[in-house]
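Single-letter residue listing:
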Protein chains: 4
Amino acid sequence: MNIKEVIQNAYHKIKDIDDKGNLASYIPELENVNSACFGVHISTIDTLNFGVGNYHDKFSIQSIAKVLTLTMAYNILGEKLWKRVKVEPSGTAFNSLVQLEVENGIPRNPFINAGAIVIADVLLSNLDNPKEDFLNFVKTLSNSKEICYSEKIATSEKSVGYRNAALCNFIKSFGNIENKPSEVLDFYFNLCSLEMSCKELSNLFLFLANDGFTLADNEQILTRSQTKRINALMQTCGFYDESGEFAFKVGLPGKSGVGGGIIAVHPKQYAIAVWSPKLNEKGNSYKGMRFLEEFTTESKLSIF
Amino acid sequence: MNIKEVIQNAYHKIKDIDDKGNLASYIPELENVNSACFGVHISTIDTLNFGVGNYHDKFSIQSIAKVLTLTMAYNILGEKLWKRVKVEPSGTAFNSLVQLEVENGIPRNPFINAGAIVIADVLLSNLDNPKEDFLNFVKTLSNSKEICYSEKIATSEKSVGYRNAALCNFIKSFGNIENKPSEVLDFYFNLCSLEMSCKELSNLFLFLANDGFTLADNEQILTRSQTKRINALMQTCGFYDESGEFAFKVGLPGKSGVGGGIIAVHPKQYAIAVWSPKLNEKGNSYKGMRFLEEFTTESKLSIF
Amino acid sequence: MNIKEVIQNAYHKIKDIDDKGNLASYIPELENVNSACFGVHISTIDTLNFGVGNYHDKFSIQSIAKVLTLTMAYNILGEKLWKRVKVEPSGTAFNSLVQLEVENGIPRNPFINAGAIVIADVLLSNLDNPKEDFLNFVKTLSNSKEICYSEKIATSEKSVGYRNAALCNFIKSFGNIENKPSEVLDFYFNLCSLEMSCKELSNLFLFLANDGFTLADNEQILTRSQTKRINALMQTCGFYDESGEFAFKVGLPGKSGVGGGIIAVHPKQYAIAVWSPKLNEKGNSYKGMRFLEEFTTESKLSIF
Amino acid sequence: MNIKEVIQNAYHKIKDIDDKGNLASYIPELENVNSACFGVHISTIDTLNFGVGNYHDKFSIQSIAKVLTLTMAYNILGEKLWKRVKVEPSGTAFNSLVQLEVENGIPRNPFINAGAIVIADVLLSNLDNPKEDFLNFVKTLSNSKEICYSEKIATSEKSVGYRNAALCNFIKSFGNIENKPSEVLDFYFNLCSLEMSCKELSNLFLFLANDGFTLADNEQILTRSQTKRINALMQTCGFYDESGEFAFKVGLPGKSGVGGGIIAVHPKQYAIAVWSPKLNEKGNSYKGMRFLEEFTTESKLSIF
């Protein structure tokens, strides 16, 4: 059975299961989405491109953008970046504030909100036109010109983003935010509002399967070692409080977003994006998780 | 450069660095060890066996034994096991008691002490002669008859094991320990006192690189899927509060012990054991970590 | 309206309310009590003795005993005692383990279990025959020879006392317990099993209203300043996570036990004991709290 | 020895001790104060007014203002107020964020910053001209027209008030703040900037010793029962993580501020204000605490 067949089989098997997830409710605008959408797209380093379902539709990538800001910041600061944020898995959201307190405002990793806010602050300090420059970086990586922020989503998130405002001010109180909290938050909410399709996403993330080089232009985005490290980080911290479960069941580095998207990377082989808007209780796409479990089990392509 | 050369080069490079670690001080007996010892041994699924330095010397494997009890308990209970313990990374030791409280006595994973104590309780309930049966299981896996518990180490650890006694009683108060705390602890301290050499260790762990089958007898210990899951767990939770760092720098599933041993597994390829008694501030072998970082960088054999 | 009338009125008003409390369920033996019992007894420093209802019946004083062990330990060690335990209110049970961790095993105050266990350890180190000597001390204070431990209650509590065992071992791991945990716990469970009547209790606690002197023999148990301090401690820490509420509504120093007893002291004036076995959700006697609120409101005898 | 002599003796005894405190450093402007200042003033309900030292000098009352906003909010909302904030002592600052999380954004009491911010929000929702109305309320209570906010202090505090901004946004995320965080914080920083002298403070707080009535005009500010409750709250929660110690050593309801002021109330008798800018490690005036301990010991006027 080749990889296309594995994907098609898994897609059809999962498409019709009872979707026990729920739409993200905390960002008002995210509820305005067709919850029946379900798309998958794979891009391999030997140039296979294959999609099923709604793989052309754009959706809000949300936290998946944290890998992209991290990549850009890592590219700029190099290893100095790790003075501002650590690389250890975090326990529950519940603990994150205590840990910030105990660890003097240094977030546990760049994928919890606290860490992603610090990364946003790093970019804000180092880019001339942060929103524009970051968008251009994303366009280059994905080899697509049709990627934009969603003003509507950003505004919607900002209108209820009190917890992120709390985190940002808390970290600022420890001196680990350089810019004004209001500016950091404005930039942060914009990042999360990026809209992309499964196809664009899997194309974009292919550089992480390709030792840090874009496939289209063979441009080096990160060193081999840095690429390995981003993958390791996605493996240990990419799925909130379900990172262990994901490693356990799927066994690939990856990152999810509350828009229902998941990206997973198999080093040296492929990047695969899946999108289904309803989330399980840990905040990850219900069908997306199920699909990837099925996919790696059948394809035997887990890294473990 | 072949793998033997990579190991030899890495060994000699790390052997002479300034060892910034310290001997484990909390178990009195563990301080009576020659801190200059340094050994490495690799076993590959294509039957290479190669060691450097003190790879024949026995040392106290301590927490590495947690992978072995987990394997045995998983073998017995199957997926039911995960009702007793989760598979998520834990934050700091600091948080573990709070997390037990919030999560009703279900430990975050089988490699933190709380989880390993629950696993010990599972074995106690399911084995006729727990200590003997477990030892035989270990002997079978490693294809070596010369493995024993160290009574001295077990007694030494017991004499200061108040924190583990606290954990065990705390979990018992939530109903997640079936046996008497004193009996669970007695068994637990024994497990951790197992003594093995790097050679025995890498031979033993080879089944995790070999889809769950022992190499010597081709005996199936775990299913393919269970094997993958143990590897995933070692990846996300194997190094206390340095699991992220280890994934980040080394990029292999593994497990460390405060005796200074580390085992790492490259699925489908090899198991490698390293031993150097002095620990870094996170409780992992200082030189062991450095060696493995050097080894995977040079061999390009990380999974990421 | 004199004080007897206030008590009688309050007693009859509260006697017939709907008792929304529940019997303590975590100690099996404590459930074998007549939940309709309701007794009150006041002892004043001008020698009034007055009771209503079941004030002659014995009940398990449980945590009220913590004031008595504290008194005895304070008497023995003086101000040095405060190196072993602090005098600050604690938040929820939930936090107590974290606080022990952060504060290196020094409990927040002598009335949370952690603190009372440390006090038990102090007595164990300083008394020749701890159980006997403490019982004699209590008999002297209360001017009653008919006070005993309940072996049945102590055994019942011990059979489920895993959380206290956890606390004791945890504190021991920080070095703040001198004796063996099993011996400290044995003594501790015995202390809590003391049985007394409301009459005996209010007689006993009168020394705290009388500047530290027993009323019967004018024997000095504590200095004036020490007495003031015990009262202050009961005020701020006497009612678990309802200490603020009790100060807010009743306004007297006091201490409750899960046997349904409450003692309250008005310095320079009186001690009043009330008993009704059903507990509110914070673990304090439902009717007892209501009675004392009514009593201090009507008598205008709050300290505030 | 009459009360004036007790005060004079205590004042002179404490004046010359080595001041081990330090000026509050976290609000830049608060460091610009003469640290040698030391003043005391008592106001009794039988109209004694007596001061020593710098009792006419104005200082920043900071957190002492929390009692005044609480009084005003309690006056407006009555017992409904306690749905927004509890009355239990809090543990350390360290725990406050966890407790907010566990208790769904309901602060433990109105004197920790979280609680005082909620009280500020209540006033903001209920007053036409919050800053002006509150100032007038304070002027009425103290019978002094010369009380003002310090714009300089408010601005200074705002410039570094990230932790309060974090708290306010965090509580808002739970829905327990009605107004915009920026407006609540602006009002809150103003409240804390009130400047008063010891004389004005002790005059003002006399209503809490006088069953809720101002002494000058016999105007009822709070009911008898409400007054008792505010006193109880000051007793259990008035001194950050030193509330137990203060009850233990001084034995009066009271409130401190990081400007170095302390107010203490003896119900039915007097209010006493003391000011000395250097703070002990818990954030309370070093000499102020020492003076009050000496004063209640010598005057035997503790409530315990």
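Here the structure is a predicted model, which means the values were calculated and not measured. In every chain, residue numbers begin from 1 and rise along the written sequence. Written order decides the labels, with chains lettered from A and ligands numbered from 1. Residues qualify for local features only when their pLDDT is at least 70, as the model is predicted, and side-chain atom pairs are given and counted only at 80 or more; totals for whole chains, interfaces and linings, by contrast, use all residues.

(A) Representation of the overall build of chain A within the structure. Counting from the N terminus, the helices are DSSP H or I runs at least four residues long and the strands are E runs at least two residues long. Across its full length, chain A carries twelve helices and seven strands. Here the C-alpha atoms of chain A give a radius of gyration of 18 Å, agreeing with the 19 Å that 2.2 N^0.38 yields for 304 residues. Its C-alpha atoms give chain A principal-axis dimensions of roughly 55 × 40 × 35 Å. Counts of 20 or more other C-beta atoms within 10 Å of a residue's own C-beta define buried residues, counts of 12 or fewer define exposed ones, and intermediate counts define partly exposed ones; C-beta atoms are placed from the backbone. By the burial criterion, 60% of the 304 residues in chain A qualify as buried. Taking as baseline every contact in chain A between residues at least 6 positions apart, the subset at least 24 positions apart corresponds to 67%. Each radius of gyration reported is based on C-alpha atoms, and the globular scaling rule is 2.2 Å times the count of residues to the power 0.38. Note that contacts rest on C-beta atoms placed from the backbone: two residues are in contact if these are within 7 Å.

(B) Local environment of the arrangement of the chains. There is a gap between chain A and chain C: no contact, and a shortest C-alpha distance of 10 Å. Spatially, chain B is disjoint from chain D: no contact exists, and the shortest C-alpha separation is 10 Å.

(C) Region of the structure containing the relation of the copies chain B and chain C. At an RMSD of 0.0 Å, chain B and chain C line up after a rotation of 180 degrees and a shift of 0.0 Å along the axis. Expressed as an axis order, the relation between the two copies is that of a two-fold axis. If distances are taken from each C-alpha of chain B to the rotation axis, the shortest is found for A166 of chain B, at 1.9 Å. Of the residues that chain B buries at the interface, 100% are likewise interface residues in chain C, meaning the two copies contact each other through the same surface. Least squares is the method used to superpose the copies, on C-alpha atoms of residues holding a pLDDT of at least 70 in both.

(D) Spatial organisation of the interface of chain B and chain C. Each partner contributes residues to the interface: chain B has twelve residues there, and chain C has twelve residues. Sorting the residues of the side of chain B that touches chain C by element identifies α3 (93–102) and α7 (162–173) of chain B as the ones contributing at least two each. Amino acids are sorted into nonpolar (Ala, Val, Leu, Ile, Met, Phe, Trp, Tyr, Cys and Pro), charged (Asp, Glu, Lys and Arg) and polar (every other residue, Gly among them). In terms of residue class, the side of chain B that touches chain C is built from seven nonpolar, two polar and three charged.

(E) Expanded view of the relation of the copies chain B and chain A. Its rotation angle being 180 degrees, the transformation that places chain B on chain A also includes 0.0 Å of axial translation and leaves an RMSD of 0.0 Å. Mapped onto chain A, 100% of the interface residues of chain B again fall at the interface, so both copies present the same surface.

(F) Inspection of the sheet that holds strand β7 (residues 270–275) of chain A at higher detail. Residues and elements named next belong to chain A. Taken together, the five strands give an open sheet; going across it, the order is β2-β1-β7-β6-β5, and neighbouring strands pair in antiparallel fashion. With one partner strand each, in any of the chains shown, β2 (49–53) and β5 (254–256) form the two edges of the open sheet. Across the sheet, the mean angle from the axis of one strand to that of its neighbour is 10 degrees, orientation sign disregarded. Following DSSP output, two strands are said to pair if at least two bridges run between them. Alignment of strand β6 (residues 261–266) against β7, held across six bridges, turns out to be antiparallel. If you follow I263 over to β7, its bridge partner there is A273. Interaxial angles span 0 to 180 degrees and are taken between N-to-C directions of axes, which are lines fitted to C-alpha atoms, for helices over the stretch in contact. Sitting on the sheet, helix α1 (residues 3–15) touches β1 (39–44) and β2, and the angle it makes with β2 is about 15 degrees. Docked against the sheet, helix α12 (residues 286–299) engages β1, β6 and β7, running at close to 145 degrees with respect to β7.

(G) Here's a closer look at the packing of helix α7 (residues 162–173) of chain C against helix α8 (residues 181–191) of chain C. Residue and element names in this part refer to chain C. Running from N to C, α7 and α8 point in directions that differ by 135 degrees, and their axes come no closer than 10 Å. With respect to α8, the axis of α7 lies oblique. Considering how the two elements wind past one another, α7 and α8 form a crossing that is right-handed. Of α8, the residues touching α7 (which contributes N164, A165, C168, N169 and K172) are P181, V184, L185 and Y188. The class makeup of the residues in the contact of α7 with α8 is six nonpolar, two polar and one charged. Angle categories are assigned with fixed cut-offs, so that under 35 degrees is roughly parallel, over 145 is roughly antiparallel, 65 to 115 is roughly perpendicular, and the rest are oblique. Less than a right angle of anticlockwise turn of the near helix away from the far helix marks a crossing as left-handed, whereas a clockwise turn marks it as right-handed.

(H) Fine view of the interface of chain B and chain A. Listed per partner, the contact involves 30 residues of chain B and 30 residues of chain A. Secondary structure elements with two or more residues in the side of chain B that touches chain A: α3, α10 (224–237) and α11 (243–249) of chain B. Of the residues forming the side of chain B that touches chain A, the biggest block, eight residues, is contributed by α10 of chain B. Of the residues that constitute the side of chain B that touches chain A, the class distribution is 13 nonpolar, twelve polar and five charged.

(I) Geometry of the environment of E178 of chain D. All names here are of chain D. With respect to the helices, strands and loops of the structure, E178 is situated in the loop between α7 (162–173) and α8 (181–192). Overall, E178 belongs to the partly exposed group, with 14 C-beta atoms counted inside 10 Å. Along the backbone, E178 and V118 are 60 residues apart, and their C-alpha atoms lie at a distance of 8.9 Å. Apart from the residues within four sequence positions on either side, E178 is in contact with D121 and S125.

(J) Quick look at helix α2 (residues 65–77) of chain D. Residue and element names in this part refer to chain D. With 13 residues, α2 extends 18 Å from end C-alpha to end C-alpha; this agrees with the ideal 18 Å at 1.5 Å per step. Of all 13 residues in α2, ten are buried; the element is thus mostly enclosed. All of the buried residues along α2 are A65, K66, V67, L68, T69, L70, T71, M72, A73 and Y74. Turning to α2, the residues buried within the fold contact α4 (113–126), α5 (130–142), α8, α10 (224–237) and β5 (254–256). Here the expected length of a helix is defined as 1.5 Å per residue gap, with one fewer gap than residues.

(K) Unusual backbone geometry, seen in detail. Phi is positive for N218 of chain A, close to 55 degrees, though the residue is something other than glycine. In this fold, N218 of chain A is placed in the loop between α9 (198–209) and α10 (224–237). If you check the backbone angles, T47 of chain B has positive phi at about 70 degrees while not being a glycine. When the 9 C-beta atoms within 10 Å are taken as the criterion, T47 of chain B is described as exposed.

(L) Just the pairing of β7 of chain A, in detail. Residues and elements named next belong to chain A. Within β7, six of the six residues are buried, which leaves it mostly tucked inside the rest of the structure. Neither face of β7 is left uncovered, since the one carrying Y270, I272 and V274 and the one carrying A271, A273 and W275 both have all their residues buried. Where β1 meets β7, six bridges bridge the pair, whose relative direction is antiparallel. Considered in β7, the bridge of I42 is made with I272. Where β6 folds back onto β7 in an antiparallel hairpin, the turn is made up of three residues, including K268, whose phi is positive at roughly 70 degrees.

(M) Geometry of the packing of α7 of chain B against α7 of chain C. Interaxial distance between α7 of chain B and α7 of chain C falls to 7 Å at its minimum, and their mutual angle equals 165 degrees. The orientation of α7 of chain B with respect to α7 of chain C, classified from their angle, is roughly antiparallel. Here α7 of chain B and α7 of chain C pass one another in a crossing that is left-handed. On α7 of chain C, the residues touching Y162, R163, A165, A166, N169, F170, K172 and S173 of chain B of α7 of chain B are Y162, R163, A165, A166, N169, F170, K172 and S173 of chain C. Partitioned by chemical class, the residues of the contact of α7 of chain B with α7 of chain C number eight nonpolar, four polar and four charged.

(N) Geometry of helix α6 (residues 151–159) of chain B. Residue and element names in this part refer to chain B. Turning to α6, its buried residues are I153, A154, S156 and E157. End-on view of α6: buried residues confined to an arc of 165 degrees, all on one side of the axis. In this structure, α6 carries E151 and S159 as exposed residues pointing more than 90 degrees from its buried face. Packing partners of the buried residues in α6 comprise β3 (59–60) and α8 (181–192). In this description, the arc belongs to the directions extending from the helix axis to the C-beta atoms.

(O) Quick look at the environment of T44 of chain A. Residues and elements named next belong to chain A. Relative to the helices and strands, T44 is located in strand β1. Since 19 C-beta atoms lie within 10 Å of it, T44 is described here as partly exposed. In this structure, the C-alpha to C-alpha distance between T44 and G238, residues 194 residues apart in sequence, is 21 Å.

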